[in-house]
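Take a look at the letters that make up each chain.
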Amino acid sequence: MNIYLDNAATTPLANEVFTAMKPFIFESFANPSSAHSLGRYAREAVEQSRKIIAENLHTEPGNIFFTSGGTEGDNTAILSAIYNHDIKVVITSKLEHYAVLNTLKALEKRGVIRLVYLENDNKGKLSLTELDALLEKGEPALISLMHGNNEIGNLNPILEIADLADHHGAIFHSDTVQTIGHIDINTRQLAPDFLVGSAHKFHGPKGVGFLYAKEPANLRAFINGGSQESGKRAGTENVAGIVGMAAALQHAYDNQNLYETHIHSLKKRLVNGLTNLAGISFNGYSDHTDKSLSTVLSVSLPALPDGADLLQTLDKAGIFVSGGSACSSNHSSHVIEALGNGKNEETIRFSFSRFNTGSKIDEVVSQLNSLYRNRREQQNLLYA
């Protein structure tokens, strides 16, 4: 029995995506900067993919820049905002992905910026009243707040955040890696300065993503060299990856209602199945379907007896989950710590995709109930 529930870390490549990519791996493999017909065909594929992504985000192709993934996109957005707009204060939260937090901490350490963290409560809710008050000071500011949290699933009200940024003349960057392909993103309505997407979060290939920039002229060159990506990112484009990303995104949005309904049902099924476990708690708003990603459920459970590791125990049973972000798998979760939760508990992140089934969710529930029933029986014997 293998049950993969770590889709927030990466999703499996979909068959229809590989089908779209395959010709550009084995046949139309030319460099898109080459002048011959094979090169021109590859270039057309890159630009058609850019158009598909732009249309799904309700923007123009010139606002989309291809990257190697979410981390590169976040870094580029942050550095472009700070250096091109002479930003001295950056407002973020302690719940952000390390691609954002570690970039900002490095800049703070060098004295480039002053870093301000918004307060959050024990559910991870941010204070927009505090954000408004900070922006009232009138300093040139960058707001960097994610849309959907990759560990606890909380959805931030980015429309309201964008409105505050616009009202105060601040720059707004949002890491939308977990929401693009799952939730509609209308850049004309939202009007952010920067958004970031990564193909492997919506059944596309690894190693390819994109950055949306509202003002392309203000984007710094992130890799110097040739003239690719309008001179902003040099290097031969990953044509097959770009084509696969566009195909994955189009398929995700074409089937959004179907897939999201299915994934929501899986999450609800797991929540209902785990609710009666003694000592369980849900982190953030991950058990609230209206306040969190359909794809993420974060739970904390009592420690297993004899120091047994719950993640390893589930792994041996063929259930693949994580304790939080895959990028911090060897460390305690900074997100759970920021909530003030999780002491002496095991934290598990279940994350779902359209390829999971209800029967597999039931198997997970059965396995966890068995583990904790055995735990209770051992404790009863210990104190008998």
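Keep in mind that what you see is a predicted model, and the values were worked out from it rather than measured.

Turning to the confidence of the model for the protein, a few remarks are in order. The predicted model of the protein has a mean per-residue pLDDT of 93, with 94% of residues at 70 or higher. Contacts from residues 380–384, a stretch scored under 50 in pLDDT, to residues over four places away or in other chains number 0 contacts.

Here the focus is the pairing of strand β6 (residues 171–175). When you tally the buried positions in β6, you get 5 out of 5 residues, the bulk of the element. Burial along β6 is two-sided: the face carrying Ile171, His173 and Asp175 and the face carrying Phe172 and Ser174 are both buried. As judged from the 3 bridges shared by strand β5 (residues 141–144) and β6, these two strands associate in the parallel manner. Bridge pairing in β6 links Ser144 to His173. Remark: the β5/helix α7 (residues 158–168)/β6 crossover connection has right-handed handedness. With 3 bridges joining them, β6 and strand β7 (residues 194–198) adopt parallel strand pairing.

So, on to the pattern of salt bridges. All chains considered together, the criterion is met by 12 salt bridges. Arg50 serves as the salt-bridge partner of Glu229, at 2.8 Å between the closest nitrogen and oxygen. One end of the pair, Glu229, is in the loop between β8 (209–213) and α9 (239–254); the other, Arg50, is in helix α3 (residues 37–56), and 179 residues separate them in sequence. Take Arg50: its relative accessible area is 7%, and that puts it in the buried class. Between Asp362 and Arg269 there is a salt bridge; the shortest N-O distance is 2.7 Å. Of this pair, Asp362 sits in helix α13 (residues 358–383) while Arg269 sits in helix α10 (residues 256–274); the two residues are 93 residues apart in sequence, bridging distant segments of the chain. Owing to a relative accessible area of 35%, Asp362 belongs among the partly exposed residues under this scheme. Using a relative accessible area of 39% as the deciding quantity, one classes Arg269 as partly exposed. Here the residues in one salt-bridge network are Arg43, Glu47, Arg50, Glu229 and Glu237, joined through shared partners.

Scoring rules and cut-offs
- Residues numbered from 1 in each chain as written.
- Predicted model: local features only at pLDDT ≥ 70, side-chain atom pairs only at ≥ 80, totals over all residues.
- Heavy atoms only, no water.
- pLDDT = per-residue confidence, 0-100.
- Contact = heavy atoms within 4.5 Å.
- Buried < 20%, exposed > 50% of the residue type's maximum accessible area, 1.4 Å probe, protein only.
- Helix = DSSP H or I, 4+ residues; strand = E, 2+ residues; numbered from the N terminus.
- Pairing = 2+ DSSP bridges.
- Right-handed = clockwise from strand over helix to strand, strands pointing away.
- Salt bridge = Lys/Arg side-chain N within 4 Å of Asp/Glu carboxyl O.

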